Each structure stands twice: as C-alpha cells, then as structure tokens.
Amino acid sequence: MLYGVVMMAAFNFLSYGMQDIYVKLFLGHQLHFNHSQMVNAGLIFNAGAVIGGVLFGYLSEKIGRRYAIIGACAIVLITLWPWSHGTTFATIAIATFFMQIGAQGLGASCRCI
C-alpha cells in the first residue's frame, strides 16, 4: 500500500506542478511570453491532456496498467528536455502537448490500481 501511495503522490506532483505553475511562472515570468502565447500554450497542453487521458485509459485496459504506465513515463522522459529548455513558442507548444499526453496518461492508467 505504501508503494501505491508514494507512486500516486509522485504522479500528482508531476501532473499538478506541470499544469498549475508552468504557464504563469515559467512561460510568463522566465520566458517572457505574452498573454496570448500563454493562453495558446495552455489550450494546446489541455488538448494533449484530453488525448492522453483517453488514449492511455484505453491502452491500460488493452495492454495492462504496468505497460501503459511505462509508456506514459517514456513519453514524459523523452519530452522533458524540450519542455523545460525550449525557448521558442513552437518548441514549447509541441513539448507541452506531448508532456501532457504522458502526464495525463499516467493518471488515467493509475485510476484503477
């Protein structure tokens, strides 16, 4: 049980930290994106979140929870560098889209553990 609690806590830190502080603090304060760029990035990563939740929820039923979680983690790890070090809007938009697919895929895969 302790393993499940720690794993889900880590996934929650990943997901909510990414959604709550990324746009305002990172894109707005650090990269100095304007308001419309921050809103568009938010819309793009919300689309990725919906796709990731549906896709990995389906995959977790077909290939198993463990493999769906591993796949979602792989997407997050592959996307981590451009997501955190990108400087152009295009790089950030693409990276946030795939990062949210992985992050929400983790949540959807773990809902039934």
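Predicted, not measured: the structure shown is a model, and the values here were computed from it.

Student: Can you explain the environment of Val39? Please cite residues and give values.
Tutor: Looking at where Val39 falls in the secondary structure, it is placed in helix H3 (residues 35–62). C-alpha separation for the pair Val39 and Ile94, spaced 55 residues apart in sequence, amounts to 14 Å.

Student: I'd like to hear about the nonpolar core, residue by residue, with values.
Tutor: Among soluble globular proteins, nonpolar side chains are generally buried collectively. Judged by nonpolar contacts, the single largest core of 15 residues is most densely connected at Tyr22, Leu27, Trp83 and Ile92. Listing elements by their share of this core, those giving two or more residues are helix H2 (22–30), H3, helix H4 (65–85) and helix H5 (89–110). Setting aside anything within four residues of it in sequence, one finds Ile92 in contact with Tyr22, Phe26, Leu27, Leu31, Phe33, Pro82, Trp83 and Gly86. Judged by nonpolar contacts, the second largest core, of nine residues, contains Met7, Ala68, Ile69 and Ala72.

Student: Explain the pattern of salt bridges to me, and be specific about the residues and the numbers.
Tutor: Pairs can form between side chains of opposite charge once their charged atoms are near each other. Tallying each qualifying case throughout the model produces one salt bridge. With its nearest N and O atoms 3.0 Å apart, the salt bridge here joins Arg65 to Glu61. Assessed through its relative accessible area of 23%, Arg65 is described here as partly exposed.

Student: Can you tell me about H2, naming the residues and giving the values?
Tutor: Those residues of H2 that fall on the buried side of the exposure criterion are Tyr22, Val23, Phe26, Leu27 and Gly28. In this structure, the buried side of H2 is in contact with helix H1 (2–20), H3, H4 and H5. His32, located one to two residues past H2, shows a positive phi value of around 60 degrees.

Student: So what's going on with unusual backbone geometry? Residues and values would help.
Tutor: At His32, a position not held by glycine, the phi torsion is positive, near 60 degrees. Under the relative-accessibility criterion, His32 is labelled exposed at 64%.

Student: Explain the UniProt feature "transmembrane region" (unreviewed entry) in the chain residue by residue, including any values.
Tutor: In the numbering used here, UniProt assigns the feature "transmembrane region" (unreviewed entry) to residues 38–59, 66–83 and 89–108. Across residues 38–59, the secondary structure splits into 100% helix and 0% strand, with the terminal C-alpha atoms separated by 31 Å. Along residues 89–108 one finds 100% helix and 0% strand; the C-alpha atoms at either end are 28 Å apart.

Student: Report on the packing of aromatic side chains, specifying residues and quantitative values.
Tutor: The full count for this structure, using the stated rule, is four aromatic pairs. Considering the side-chain rings of Tyr22 and Phe26, the 5.2 Å spacing of their centres and the 25 degrees angle between planes classify their relative orientation as stacked. Linking Tyr22 with Phe26, this pair stays in helix H2, spanning four residues, or about one helical turn. Tyr22 sits in the buried class, given a relative accessible area of 4%. Arranged with centres 6.2 Å apart and planes meeting at 55 degrees, the rings of Phe33 and Phe89 form a pair that is tilted. With a gap of 56 residues between them, Phe33 in the loop between H2 and H3 and Phe89 in helix H5 connect regions that are remote in the sequence. A relative accessible area of 26% places Phe89 in the partly exposed class. Here the aromatic residues Tyr22, Phe26 and Trp83 are joined through ring pairs into a cluster of three or more.

About the criteria used
Residues numbered from 1 in each chain as written. Predicted model: local features only at pLDDT ≥ 70, side-chain atom pairs only at ≥ 80, totals over all residues. Heavy atoms only, no water. Helix = DSSP H or I, 4+ residues; strand = E, 2+ residues; numbered from the N terminus. Core = buried A, V, L, I, M, F, W, Y, C linked by side-chain atoms within 4.5 Å. Buried < 20%, exposed > 50% of the residue type's maximum accessible area, 1.4 Å probe, protein only. Contact = heavy atoms within 4.5 Å. Salt bridge = Lys/Arg side-chain N within 4 Å of Asp/Glu carboxyl O. UniProt positions renumbered as here; feature names shortened; annotations may be inferred. Phe/Tyr/Trp six-rings, centres within 6.5 Å; stacked < 30°, edge-to-face > 60°.

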